[in-house]
Amino acid sequence: MKLFSILGIITLALPVSALAEAFDRPIPQAQSATAEFWYAFACIALVLALVAMARLVARR
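Here the residue numbering is sequential within each chain, running from 1 through the sequence in written order. The predicted origin of the model limits local features to residues at a pLDDT of at least 70 and limits the giving and counting of side-chain atom pairs to 80 or more, whereas totals for whole chains, interfaces and linings rest on all residues. Heavy atoms from the whole structure form the basis of all side-chain values; hydrogens and water molecules are not counted.

Asker: Describe the overall build of the chain, listing the residues and the values that go with them.
Answerer: A count of helical and extended segments in the chain gives two helices and zero strands. Working definition of accessibility: Shrake-Rupley area with a 1.4 Å probe, residue cover restricted to the visible protein chains. As presented, the chain carries roughly 6300 Å² of accessible surface, and 72% of it is formed by carbon and sulfur atoms. A helix here means a DSSP run of H or I that spans at least four residues, while a strand means a run of E at least two residues long, and both kinds are numbered starting from the N terminus.

Asker: Hey, could you go over the packing of aromatic side chains for me, with residue numbers and the actual values?
Answerer: Only Phe, Tyr and Trp rings are paired, with Trp represented by its six-membered ring, and only when their centres lie within 6.5 Å; those with planes under 30 degrees apart are stacked, over 60 edge-to-face, the remainder tilted. Here the structure, examined in full by the defined rule, presents two aromatic pairs. For the ring pair Phe 37 and Trp 38, a centre distance of 5.2 Å and an interplane angle of 70 degrees mean the geometry is edge-to-face. Consider the rings of Trp 38 and Phe 41, whose centres lie 5.6 Å apart with planes at 85 degrees: the pair is edge-to-face. Linking Trp 38 with Phe 41, this pair stays in helix α2 (residues 33-59), spanning three residues, or about one helical turn. A network of ring pairs unites the aromatic residues Phe 37, Trp 38 and Phe 41 as a single cluster.

Right, dumping it as structure tokens:
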């Protein structure tokens, strides 16, 4: 019985990282043309909103 408890303690004391798999970095995917279009549209809309807000604040 002592042997099982000693083996259990030794097993729990082993580092878990030694049993883990190596980390595989994800490979980034290229952007599609649709995604680039919507990103450009969002950038232009943001700039236009900032210009409109600057003009609104400048009037007051």
